[in-house]
Each structure stands twice: as structure tokens, then as C-alpha cells.
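Below, each chain spelled out in residue letters.
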Amino acid sequence: MATESTAPYRFGDLLALTRQSWIGQMTSRLEGLGYADYRRSDAAALRMLWLGPLPVGRLGETLGVTRQAARKVADALEQRGYATTERDSRDTRQLNVTLTQFGRDYALAIIAVIAELNREVAARVSPDQLAAADAVLRAALFDDSARQRASRVPPPAGNRAPTAPS
């Protein structure tokens, strides 16, 4: 009779390794599309900015970072030519971040790579397994702010390009 494993389940370790693998795939696939400078914050930030200009503070709320950290994300996007920043015409204290055309192209590439990776994962497991994994990952969002952020980042557009913001 086989002995059952008594090793503790290491969900956090597996989750961390999976995230590292996912980021590696994002990086190499985007490199193959001509975007050799992918950063971890790019996927969420560009999908949010795809919907239209955002104040730095709101970008930070969505990313779950301080206004100062969001400003660094915006500055990095601007330095790489993906976004511009400008003071709001109605409130000069507010700094708005807007994607450039190059940034919109980069956003489309990110969305396409995420959709491709999602399809590959879905092809490796049954629909029931995928639903169970989704439920477990949602259960691992321990705090309300993480759950709220997860619901605010727009999902990738699947197999189609997103429509332009109105």
C-alpha cells in the first residue's frame, strides 16, 4: 500500500513560481514582437490607460500603489515613449497620463500575449479544473483592496483587439 504524502502543500511557493514563469513568457513573447523593455507593471497600467487618460492617483489606486509609485510608473512609460503626462486643464494639481500611439500599439501587443497565454493554459486543463483554479486564486486574495483591484483591471480582450475608447 502506498504511503500518502505528508508534505505540506506550498500554495504560495507554487503561486510565486507560476508568476515568475508567466512574467518570463510575457517578457520573451513581447521581445519577439519588438518590445524588449517589458516591466511587471506594464500589463495592468496599459490596460487601464487603454480605456482613456487617467490621473496618476487613480492609476495608483488601481495598481495598489502609492501616488508616488504610480508617478514612477507613469514616468517610466513616458520615458519609453508609451505615454505622455500633462496637467489637467480644470485642476492643475492633477497629472493625467495618456497613451501615445506607440503606447496603444504596445497595449495591443500585451493584450494579445495575455490572451495567447490564457488560451494555452486553458488548453492544458479541463474547464472544471480551470474554474477550480480560478476559485482558489480568488480565495487567495486575502484583502478587500486586492479583490477590488482585481475587478478594476480590464480583462484582456480575448481573441479580438479592443475597441478604441470613446
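Conventions we followed
- Residues numbered from 1 in each chain as written.
- Predicted model: local features only at pLDDT ≥ 70, side-chain atom pairs only at ≥ 80, totals over all residues.
- Heavy atoms only, no water.
- Helix = DSSP H or I, 4+ residues; strand = E, 2+ residues; numbered from the N terminus.
- Expected span 1.5 Å × (residues − 1).
- Buried < 20%, exposed > 50% of the residue type's maximum accessible area, 1.4 Å probe, protein only.
- Arc of directions from axis to C-beta.
- Contact = heavy atoms within 4.5 Å.
- Phe/Tyr/Trp six-rings, centres within 6.5 Å; stacked < 30°, edge-to-face > 60°.
- 1 Å grid on protein atoms, 1.4 Å probe; cavity = no way out; pocket = protein on both sides within 12 Å on 5 of 7 lines; lining within 4 Å.
- Points joined across faces, edges and corners; volume = space filled by probe spheres on them.
- Nonpolar A, V, L, I, M, F, W, Y, C, P; charged D, E, K, R; others polar.

J.: Describe helix H1 (residues 11-32), and please don't skip the residues or the numbers.
T.: Over its 22 residues, H1 runs 31 Å from end to end, which matches the ideal 32 Å to within 8%, given 1.5 Å per residue. Residues of H1 that are buried: Ile23, Met26 and Leu30. The buried residues of H1 occupy one face: seen down the axis, they fall within an arc of 60°. Relative to its buried face, H1 has exposed residues pointing more than 90 degrees away, namely Leu17, Gln20 and Gly32. Tucked into the core, H1 has its buried residues touching helix H2 (42-50) and helix H5 (101-124). Downstream of H1 by one or two residues, Gly34 has phi in the positive range, about 95°.

J.: Report on the packing of aromatic side chains, specifying residues and quantitative values.
T.: Going through the model one piece at a time under the given rule, you end up with five aromatic pairs. When the centroid spacing of 6.5 Å and the interplanar angle of 50° are considered together, the rings of Tyr35 and Tyr82 count as tilted. Remark: Tyr82 occurs in the loop between helix H4 (67-79) and strand E2 (83-87) and Tyr35 occurs in the loop between H1 and H2; sequence separation between them is 47 residues. Exposure class is identical for Tyr35 and Tyr82. Each is buried. Ring plane angle 35° and centroid distance 6.0 Å describe the contact between Tyr35 and Phe102, whose orientation is recorded as tilted. Placement of Tyr35 in the loop between H1 and H2 and of Phe102 in helix H5 is noted, with a sequence separation of 67 residues between them. A relative accessible area of 11% places Tyr35 in the buried class. For Phe102, a relative accessible area of 40% corresponds to the partly exposed category. An aromatic cluster is built from Tyr35, Tyr82, Phe102 and Tyr106, whose rings are joined through pairwise contacts.

J.: Provide a residue-level description of the layout of surface pockets, including the pertinent values.
T.: Quantified by volume, the second largest pocket comes out at close to 170 Å³. When residues of the lining of the second largest pocket are traced back to their parent elements, those giving at least two are helix H3 (56-63) and H4. It is H3 that provides the largest number of residues to the lining of the second largest pocket, a total of four residues. Its residues assigned to classes, the lining of the second largest pocket comprises three nonpolar, two polar and six charged.

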